[in-house]
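# A closer look at the structure
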Amino acid sequence: MNRPSWHEYFMLLAKLVSVRSTCNSRKIGAVIVRNNRILATGYNGAVHGAPHCTDRGPDFCLRRSIGAHDAEKYNYCISSHAEVNAVDQAARFGIPLEGAVLYCTLEPCNWCFKQLIQAGIKEIYYEEAYDSKNKDFDLYWRKIMESHDGIKVFRQVSISREALDLVFDELQGTSARKLAATSPDEAGELAVTTIKEIVQAGVKKVGRGDTRIGKTTRRIHMRKLPKESGLRKKA
């Protein structure tokens with residue numbers, strides 16, 4: 001593997017976003033994209049202006065501190081969930097989400113799911129199942145999410161060990177050169193034949209729907225090559 005898949009890429013970003021979470025119970029991150037372009041991100045934590053649970057120590061939870069159990073958490077927890085924070089961020093900056101895709105490190109709860117539908121999200125990918133104490137409740141809402149007409153895809157995805165290793169290697173490294181820098185003094189005759197072979201291989205490799213992109217790339221390279229290279233001739 002030389003790079004993560006798109007699913008892995010966006011889920012990895014969601015996991016990175018979760019580092020900003022101020023919840024001691026679960027750190028959750030969300031990324032909303034469309035056409036593989038990032039629109040908004042969000043993580044779970046206290047609403048604006050409210051104290052963060054993490055500021056009170058690693059074991060503090062506001063709703064647990066007053067004796068509220070899981071079934072009452074939405075009534076007493078002061079945090080806003082990662083998915084909704086991502087939707088709210090898009091709304092704040094005038095970014096429409098119709099037809100967008102959500103990647104979240106945790107399966108959306110029933111309340112967040114309703115907000116995602118209303119925002120126009122069409123695909124939902126999550127890493128971890130919600131796993132509350134009420135298994136019947138979890139299953140009930142999962143079936144609704146999987147069968148809702150407004151959601152095209154509702155699926156659990158995972159990140160491969162190879163993708164994680166790639167990320168860990170980069171995080172522990174730097175952007176220093178891996179290949180030696182080249183100098184004009186070291187330049188020899190340009191191997192234009194090699195360029196032609198690489199470009200033509202790229203055109204053949206792309207899918208049928210992407211052929212235009214490959215041809216455009218080839219035309220760009222051909223314009224930049226010297227006339228004597230022979231690459232300007234029609235195929």
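If you're wondering where the values come from, they're calculated on a predicted model, not measured in any experiment.

With respect to the helices and strands, the residue Gly-45 is situated in strand β3 (residues 45–46). Gly-45 sits in the buried class, given a relative accessible area of 5%. Sequence-wise, Gly-45 and Lys-27 are 18 residues apart; in three dimensions their C-alpha atoms are separated by 8.6 Å. Apart from the residues within four sequence positions on either side, Gly-45 is in contact with Thr-22, Ser-79, Ser-80 and Asn-85.

Let's shift gears to the packing of helix α4 (residues 82–92) against helix α5 (residues 110–119). Where α4 contacts α5, the axes come no closer than 9 Å and their chain directions differ by 25°. Comparing the axis directions of α4 and α5 gives the class roughly parallel. Note on packing geometry: the crossing formed by α4 with α5 is left-handed. Between α4 and α5, the residues in contact are Glu-83, Val-84 and Val-87 and Trp-111, Cys-112, Gln-115, Leu-116 and Ala-119, respectively. Its residues assigned to classes, the contact of α4 with α5 comprises 6 nonpolar, 1 polar and 1 charged.

Looking now at the sheet that holds strand β1 (residues 29–34). Within the open sheet, the 5 strands sit side by side as β2-β1-β5-β6-β7. Their pairing is mixed. Only two strands of the sheet have a single partner each, and these edge strands are β2 (37–43) and β7 (153–156). Neighbour-to-neighbour, the strand axes of this sheet turn through a mean angle of 15°, independent of strand direction. Here β1 pairs with β2 via 6 bridges, running antiparallel. Paired with Gly-29 across the two strands is Tyr-43, which belongs to β2.

Of all hydrophobic cores here, the largest spans 28 residues; its most connected members are Ile-32, Leu-97, Leu-102, Ile-121 and Ile-124. At the level of elements, β1, β2, α4, β5 (101–106), α5, β6 (123–128) and α6 (135–147) are the ones that each hand at least two residues to this core. Of all the elements, α4 adds the most residues to this core, at 5 residues. Those residues in contact with Leu-102, other than ones at most four positions away along the chain, are Ala-30, Val-31, Ile-32, Glu-83, Pro-108, Leu-116, Ile-121, Glu-123, Ile-124 and Tyr-125. One finds Phe-10, Val-31, Tyr-125 and Ile-159 within the second-largest nonpolar core, a separate group that totals 14 residues.

How each quantity is defined
Residues numbered from 1 in each chain as written. Predicted model: local features only at pLDDT ≥ 70, side-chain atom pairs only at ≥ 80, totals over all residues. Heavy atoms only, no water. Helix = DSSP H or I, 4+ residues; strand = E, 2+ residues; numbered from the N terminus. Buried < 20%, exposed > 50% of the residue type's maximum accessible area, 1.4 Å probe, protein only. Contact = heavy atoms within 4.5 Å. Axes fitted to C-alpha atoms, helices over the stretch in contact; angles between N-to-C directions. Parallel < 35°, antiparallel > 145°, perpendicular 65-115°, else oblique. Left-handed = near helix turned anticlockwise from the far one by under 90°. Nonpolar A, V, L, I, M, F, W, Y, C, P; charged D, E, K, R; others polar. Pairing = 2+ DSSP bridges. Core = buried A, V, L, I, M, F, W, Y, C linked by side-chain atoms within 4.5 Å.

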